[in-house]
Amino acid sequence: MELFIDSNKMERPKLRWKLYLIAASILFVALIEHILSILVHIKKYDWSGKSDNATFLNFLEIYCTSSHAFILEILKYNLALGIFIFIVSKLATFTWNFTDVFIAMVATGLAERYKTLNKYVISSISKHRPIDWSGLREDYATLSFMVKKVDNDISPIILLSFVNNLYFICLQLLNGLSKSDDGLIGDIYFFESFLFLISRTMIVTLLTARIHDQSKVILPILFTCSASTYDKETERLLHLLSTDNITLTGMRFFSITRNFLLAVKTNQDLITNSLAFHILYTIRQFSLRNKIILR
């Protein structure tokens with residue numbers, strides 16, 4: 001399908017640095033968030049190295065006991081179980097973050113394809129060049145079919161990603177509102193992790209929604225094109241773009257558009273209010289621990 005679109009000799013979208021930026025920014029912040037998570041769970045570890053506690057085996061046991069206590073309520077801790085938990089948790093964290101990176105990169109590639117076609121149409125009309133509406137309609141139809149094919153393949157991943165992100169946002173909020181003695185590092189980890197989860201979800205949603213936005217860009221031009229250029233192929237292209245729902249979905253439970261982002265934001269407003277309450281609560285607790293009087 002890409003070869004068919006490229007056969008019209010239009011310039012291919014340049015994606016390398018955009019994809020590098022998406023992957024590097026999300027994974028770098030995720031790495032910082034995960035390091036803070038490890039530090040929160042190994043407070044009892046002796047970093048000075050002057051006691052018997054300062055060994056990797058004790059480090060592993062302290063980390064697993066703190067971060068995966070729900071597993072150790074069922075199974076008795078041993079070295080093999082500790083290594084298994086440590087490795088699987090790191091793989092799960094990477095997979096969780098890479099899933100969002102993957103969706104964002106695929107969506108960016110599809111949206112840029114539409115953007116390239118749109119630029120060609122807008123440029124041709126502004127410079128009064130003749131346009132092969134039949135070829136353009138075939139290109140847009142092929143690209144629409146490509147989006148639907150990709151959606152059919154990755155929609156379960158999209159659904160899993162959004163459900164997973166929503167679960168962890170609620171979990172982090174619950175942990176943040178619960179009484180905690182993790183100290184300053186724990187507070188930094190909570191705010192960084194919570195903001196990262198919300199930001200990453202919004203970024204993935206916006207990048208994916210660009211597919212729907214770019215598919216509708218030339219509609220105003222088609223509606224206002226002159227009678228001399230309006231023909232049957234123009235009408236067919238207009239019908240295709242105005243009636244076809246070109247977007248990625250979560251197994252068709254929801255379509256990712258800007259309207260979907262607005263619905264997500266409504267829920268996030270409630271979360272933001274709870275976050276503001278937690279900030280005030282944290283400041284109050286910090287002042288009480290350090291005997292600071294807030295006026």
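Small disclaimer: the values here were computed from a predicted structure and weren't measured.

Conventions and cut-offs
- Residues numbered from 1 in each chain as written.
- Predicted model: local features only at pLDDT ≥ 70, side-chain atom pairs only at ≥ 80, totals over all residues.
- Heavy atoms only, no water.
- Patch = residues over 30% accessible without salt bridge, like charges linked within 9 Å, V, L, I, M, F, W, Y side chains within 5 Å.
- Areas by Shrake-Rupley, 256 points an atom, 1.4 Å probe, with all protein chains shown as cover.
- Salt bridge = Lys/Arg side-chain N within 4 Å of Asp/Glu carboxyl O.
- Helix = DSSP H or I, 4+ residues; strand = E, 2+ residues; numbered from the N terminus.
- Buried < 20%, exposed > 50% of the residue type's maximum accessible area, 1.4 Å probe, protein only.
- Expected span 1.5 Å × (residues − 1).
- Arc of directions from axis to C-beta.
- Polar contact = N/O pair within 3.5 Å; in protein donor to acceptor, adjacent residues only side chain to side chain.
- UniProt positions renumbered as here; feature names shortened; annotations may be inferred.

Help me understand a nonpolar patch on the surface in this model?
Judged by side-chain polarity, Phe56, Leu57, Leu79, Ile83, Ile87 and Leu91 come together as a nonpolar surface patch covering roughly 570 Å² of accessible area. Here the element with the most residues in the nonpolar patch is helix 5 (residues 79–126); it accounts for four residues. Within the secondary structure, Ile83 sits in helix 5. Judged by its relative accessible area of 36%, Ile83 falls in the partly exposed class.

What should I look at first to understand helix 9 (residues 232–243) in this one?
In an α-helix, one turn spans 3.6 residues, which is why side chains three or four residues apart end up on the same side. With twelve residues, helix 9 extends 16 Å between its outermost C-alpha atoms, agreeing within 8% with the 16 Å of an ideal straight helix rising 1.5 Å per residue. Where helix 9 is concerned, the buried positions are Glu233, Thr234, Leu237, Leu238, Leu240 and Leu241. Taken around the axis of helix 9, the buried residues stretch over an arc of 160°, which confines them to a single face. Facing away from the buried side of helix 9, by more than 90 degrees, are the exposed residues Lys232, His239 and Thr243. Between the side-chain oxygen at the start of helix 9 and the backbone nitrogen of Glu233 there is a gap of 3.2 Å, and the oxygen is on Asp231.

I'm lost on the pattern of salt bridges in this one. Help?
For side chains of opposite charge, pairing can occur when their charged atoms come near one another. Tallied over the full model, the rule gives eight salt bridges. Here Asp153 ties to Lys149 by a salt bridge, and the two come within 3.1 Å at their closest N and O atoms. Residue Asp153 and its partner Lys149 are located together in helix 6 (residues 133–177), separated by four residues, close to a single helical turn. Because the salt bridges share partners, they merge into one network encompassing Lys18, Glu112 and Arg210.

What's the story with the UniProt feature "transmembrane region" (unreviewed entry) in the chain in this structure? I'm lost.
As annotated by UniProt and renumbered to match this structure, "transmembrane region" (unreviewed entry) occupies residues 20–42, 79–98, 154–177 and 189–209. The distance separating the terminal C-alpha atoms of residues 20–42 is 33 Å; by composition the span is 96% helix and 0% strand. What you have in residues 79–98 is 100% helix and 0% strand, and the ends, taken at the C-alpha atoms, are 29 Å apart.

So what exactly am I meant to see when it comes to the side chain of Glu233 here?
Here Glu233 lies in helix 9. Among the polar contacts made by the side chain of Glu233, one reaches the side chain of Arg137 at a distance of 2.6 Å.

Help me out: how do you make sense of unusual backbone geometry in this one?
Comment: phi is negative for the bulk of residues other than glycine, and the bulk of peptide bonds are trans. Look at Met251: it is not a glycine, yet its phi comes out positive at around 55°. Of note, Met251 is situated in the loop between helix 9 and helix 10 (258–289). In this structure, Arg252 is a non-glycine residue whose phi angle is positive, near 65°. Its location among the elements puts Arg252 in the loop between helix 9 and helix 10.

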